[in-house]
Amino acid sequence: PRPTAEGLSFYYDQAYSGDKKVLDAKGFYESPAGQLMNRYRLVTLAKARPLGESDVMLDVGCSYGSFISMAAQETGCQAFGIDIDEGSISEAEGLDLVQYRVGQLVDTDWGDQRFTVITFIECLEHDLDPVKTLRVAHDLLEPGGLCMIEVPNFRSFWRVLLRSNWLPLLIPQHLVHSTPPTLKATPRAAGLEPVHHQSMFFPL
C-alpha cells in the first residue's frame, strides 16, 4: 500500500540528521564529488537561465543548503531554501546568504514573495502529489520564471542493470518514479512548459 504522509514520517526520522542519521547528505555535499555535482547543476541551470543578482531563487527540499548557498555565493542571487527536516535546516550552510524555512512548499505562506527560479533537486520523487506541488511552484514564479527539476531516471542504464538493487527505488520514501516522457508530462499538467532536458551520468 502507498504510505500516507503520517506513515512516511517514521522513515524520515533521523534519516538525514540527528545522532543516528542513516544518510550523511551533509558529508557528501561537502566532499569534492558533492561540490562537483552542485557545480554541474549550476551549469545546467545556466543553459536555460543564467543566474544573476536580480534573480530570486528558491530551492525546495534544500537539505543542508549546499546547492542554494553555492548559487547565492557565486551569482549574487537572493536565495531561499525550504526542507521538511528541521535538523538539516538547523545546520544549513550559508546562513548569511540564504533565508531558510522548515516545512513543505504547499503548506507555506509566502505572502507576496515571488521567485524567478525554483529548483527541485532530488526531492520531487518524495512528493505524494508532484503535480499539486508544481502548481504551487507555478503560482510562485514570476512571469518567465524557471522551474528546475532533477529526479532519478527509471529508464536509465543503471536501473536496467541493477534492477531491484538500484538505490533510487528507495522504498517507501520514493513515491514517484520518472521517465523522460513523464518528466515532461508532469510539469505540463501543472501549467509549466519544458524548455530543456538532459541526463547526467550518475550511477546512484
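Keep in mind it's a predicted model, so treat the numbers as computed, not measured. (Residues numbered from 1 in each chain as written. Predicted model: local features only at pLDDT ≥ 70, side-chain atom pairs only at ≥ 80, totals over all residues. Heavy atoms only, no water.)

**Quick word on the overall build of the protein chain**
Link 1 in the chain: Of the regular secondary structure elements, the protein chain holds eight helices and five strands.
Link 2 in the chain: Put simply, the protein chain runs from its N terminus to its C terminus through helices and strands in the order α-α-α-β-α-β-α-β-β-α-β-α-α.
Link 3 in the chain: Its C-alpha atoms give the protein chain a radius of gyration of 16 Å, within 12% of the compact-globule value 17 Å for 204 residues.
Link 4 in the chain: When its C-alpha atoms are laid out on the principal axes, the protein chain stretches across 45 × 40 × 35 Å.
Link 5 in the chain: Looking at the protein chain residue by residue over its 204 residues, the buried ones come to 43%.
Link 6 in the chain: About 11,200 Å² of surface is accessible on the protein chain, with carbon and sulfur atoms providing 55% of the total.
Link 7 in the chain: Of the charged side chains in the protein chain, 17 are positive and 26 negative; the average position of the first set lies 10 Å away from that of the second. (Helix = DSSP H or I, 4+ residues; strand = E, 2+ residues; numbered from the N terminus. Rg over C-alpha atoms; globule rule 2.2 N^0.38 Å. Buried < 20%, exposed > 50% of the residue type's maximum accessible area, 1.4 Å probe, protein only. Areas by Shrake-Rupley, 256 points an atom, 1.4 Å probe, with all protein chains shown as cover. Lys, Arg positive; Asp, Glu negative; His and termini not counted. Charge placed at Lys NZ, Arg CZ, Asp CG, Glu CD.)

**Comments concerning the pairing of strand β1 (residues 56-60)**
Link 1 in the chain: By the criterion of burial, β1 is predominantly enclosed, with five of the five residues buried.
Link 2 in the chain: Alternating residues of β1 divide into Val-56, Leu-58 and Val-60 and Met-57 and Asp-59, and every residue in both groups is buried.
Link 3 in the chain: Note: β1 against strand β2 (residues 78-83), five bridges, orientation parallel. Looking across to β2, one finds that Val-60 is bridged to Ile-82.
Link 4 in the chain: With helix α4 (residues 66-75) bridging β1 and the parallel β2, this β-α-β connection has right-handed handedness. (Pairing = 2+ DSSP bridges. Right-handed = clockwise from strand over helix to strand, strands pointing away.)

**A few points about a nonpolar patch on the surface**
Link 1 in the chain: Judged by side-chain polarity, Phe-157, Leu-161 and Leu-162 come together as a nonpolar surface patch covering roughly 300 Å² of accessible area.
Link 2 in the chain: Overall, the relative accessible area of 49% leaves Leu-161 in the partly exposed class. (Patch = residues over 30% accessible without salt bridge, like charges linked within 9 Å, V, L, I, M, F, W, Y side chains within 5 Å. Salt bridge = Lys/Arg side-chain N within 4 Å of Asp/Glu carboxyl O.)

**Section: unusual backbone geometry**
Link 1 in the chain: For the bond from Ile-171 to Pro-172, the omega torsion is 5°, close enough to zero to count as cis.
Link 2 in the chain: In this structure, Pro-172 sits in the loop between α7 (157-162) and α8 (180-189).
Link 3 in the chain: The backbone phi angle of Glu-122 is positive, close to 55°, even though this residue is not glycine.
Link 4 in the chain: With respect to the helices, strands and loops of the structure, Glu-122 is situated in the loop between β4 (115-121) and α6 (130-140).
Link 5 in the chain: Using a relative accessible area of 29% as the deciding quantity, one classes Glu-122 as partly exposed.

**Points about the packing of aromatic side chains**
Link 1 in the chain: Tallied over the entire structure, the rule returns seven aromatic pairs.
Link 2 in the chain: Taking the centre distance of 5.4 Å and the plane angle of 80° together, the rings of Phe-80 and Phe-115 count as edge-to-face. Highlighted residues: Phe-80 in strand β2 and Phe-115 in strand β4, separated in sequence by 35 residues. Taken as a pair, Phe-80 and Phe-115 share a single burial class, namely buried.
Link 3 in the chain: Arg-101 extends its terminal NZ or CZ atom over the ring of Trp-110, reaching a point 4.2 Å from the ring centre.
Link 4 in the chain: The aromatic ring of Phe-154 is capped on one face by Arg-159, whose charged end is 3.9 Å from the ring centroid. (Phe/Tyr/Trp six-rings, centres within 6.5 Å; stacked < 30°, edge-to-face > 60°. Lys NZ or Arg CZ within 6 Å of the ring centre and 35° of its normal.)

**Some points on the pattern of salt bridges**
Link 1 in the chain: This model, assessed by the stated rule, comprises five salt bridges.
Link 2 in the chain: One salt bridge in this structure joins Arg-49 and Asp-55, with 2.9 Å as the shortest N-O distance.
Link 3 in the chain: According to the relative accessible area criterion, Arg-49 is partly exposed, its value standing at 23%.
Link 4 in the chain: Between Glu-193 and Arg-188 there is a salt bridge, with the nearest N and O atoms lying 3.3 Å from each other.

**What to know about the nonpolar core**
Link 1 in the chain: Leu-58, Val-60, Leu-105, Trp-110, Phe-115, Ile-118 and Phe-120 are the most contacted members of the largest nonpolar core, which totals 21 residues.
Link 2 in the chain: Every element with two or more residues in this core is listed here: β1, β2, β4, α6 and β5 (141-150).
Link 3 in the chain: Those residues in contact with Trp-110 that sit more than four places away from it in its chain are Leu-58, Phe-80, Ile-82, Arg-101, Leu-105, Phe-115 and Leu-140.
Link 4 in the chain: Counting residues in each nonpolar core, the second largest holds 20 residues, with Met-57, Ala-92, Ile-121 and Leu-146 among its members. (Core = buried A, V, L, I, M, F, W, Y, C linked by side-chain atoms within 4.5 Å. Contact = heavy atoms within 4.5 Å.)

**With respect to the sheet that holds β1**
Where strands meet in a sheet, backbone hydrogen bonds hold them as pairs that are either parallel or antiparallel.
Link 1 in the chain: Taken together, the five strands give an open sheet; going across it, the order is β3-β2-β1-β4-β5, and neighbouring strands pair in parallel fashion. Every other strand in the sheet has two partners, leaving β3 (98-102) and β5 as the edge strands with one partner each. Along the sheet, successive strands turn relative to each other by an average axial angle of 15°, direction set aside.
Link 2 in the chain: Two elements, β1 and β4, share four bridges in a ladder whose sense is parallel. Among the inter-strand pairings, Val-60 is bridged to a residue of β4, identified as Phe-120.
Link 3 in the chain: Along the sheet face, α6 touches β4 and β5 and points at about 145° away from the line of β5. (Axes fitted to C-alpha atoms, helices over the stretch in contact; angles between N-to-C directions.)

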